[in-house]
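Examining the three-dimensional arrangement
Take a look at the letters that make up each chain.
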Amino acid sequence: MNIRPFEKSDVSKIEAFFDQMGAETRKFFNTNDVNRNFALKFVTEKNKSIIRWLAEDDGVMVGYVFLWDIDTTLPWLGIAVHDQYKGKGLGKRLIAHAHEWATANNKGGVILITAESNERGQRLYESMGYEFHGIHPSGERLYIKRFIAFEDPEREGRLPVIPGF
Ligand SMILES: CC(C)(COP(=O)(O)OP(=O)(O)OC[C@H]1O[C@@H](n2cnc3c(N)ncnc32)[C@H](O)[C@@H]1OP(=O)(O)O)[C@@H](O)C(=O)NCCC(=O)NCCS
């Protein structure tokens, strides 16, 4: 299993990944083909603030993770795993991969939203250190992973912890 950035020659692999999605993944990840179109856009995309990686097993795309707004301190994350590869820890590996990039590039954390009914997604995010921060205006649950612990505000040059923040 290899996790690597998208390449121009990956279009048919990406199409096949979206084609295999069952009801759960389509519901939580690809309503109205929004994420399929967003993924395939990478070939001609001029917006350089997005980075997409795929997990490949024997030439088949089995996972997808991406960050956007990567020119800000708090990029957004999106993720999906091939139906036959769910529940085997690949989601965690993909998120860890995105976190590695984000920490290496001095980001403050990662933000995402997920549906109220997406319990599997919430379990994954919480196990990766994401904290629930209330309901986003979209109606979905908002999660943030901070890379900075706020353990020593003096040394970190930051404000002390403010209750509620
Ligand atoms: C959500 C998703 C990315 C998780 O990937 P995954 O590879 O299945 O997840 P992992 O195997 O790494 O498991 C991560 C956690 O979820 C838990 N989990 C696995 N299957 C679960 C299930 N059916 N219900 C609840 N939790 C589940 C695991 O136990 C693990 O938690 P733990 O470490 O506390 O035990 C994947 O299932 C998926 O693609 N879902 C559809 C698309 C989607 O929802 N994308 C996110 C939209 S916000």
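Everything numeric here is computed off the predicted structure, so don't read it as measured data.

With that out of the way, let us pick up the environment of Gly134. Along the polypeptide, Gly134 turns up in strand β6 (residues 131-135). With 7 C-beta atoms counted inside 10 Å, the residue Gly134 sits in the exposed group. Residues Gly134 and Arg52, 82 residues apart in the sequence, show an inter-C-alpha distance of 27 Å.

A positive phi is found at Asp58, a non-glycine position, where the angle reads about 55°. Along the chain, the position of Asp58 falls in the loop between β2 (50-57) and β3 (60-68). When the 6 C-beta atoms within 10 Å are taken as the criterion, Asp58 is described as exposed. Residues other than glycine seldom take positive phi values, yet Asp69 does so here, at roughly 60°. Positionally, Asp69 belongs in the loop between β3 and β4 (76-81). Look at Asp69 and you get partly exposed, because 14 C-beta atoms sit within 10 Å.

Time to look at the site of the ligand. For the ligand, the set of nearby residues contains 22 residues, the closest of which are Phe28, Val81, Lys86, Gly91 and Thr114. Among the elements that make up the shell around the ligand, the one with the highest residue count is helix α5 (residues 119-127) (6 residues). Its residues assigned to classes, the shell around the ligand shows 7 nonpolar, 8 polar and 7 charged.

Thresholds applied
Residues numbered from 1 in each chain as written. Predicted model: local features only at pLDDT ≥ 70, side-chain atom pairs only at ≥ 80, totals over all residues. Helix = DSSP H or I, 4+ residues; strand = E, 2+ residues; numbered from the N terminus. Buried ≥ 20, exposed ≤ 12 C-beta atoms within 10 Å, placed from the backbone. Near = placed C-beta within 6 Å. Nonpolar A, V, L, I, M, F, W, Y, C, P; charged D, E, K, R; others polar.

All quantities given are derived from atomic positions and should not be read as evidence of function.
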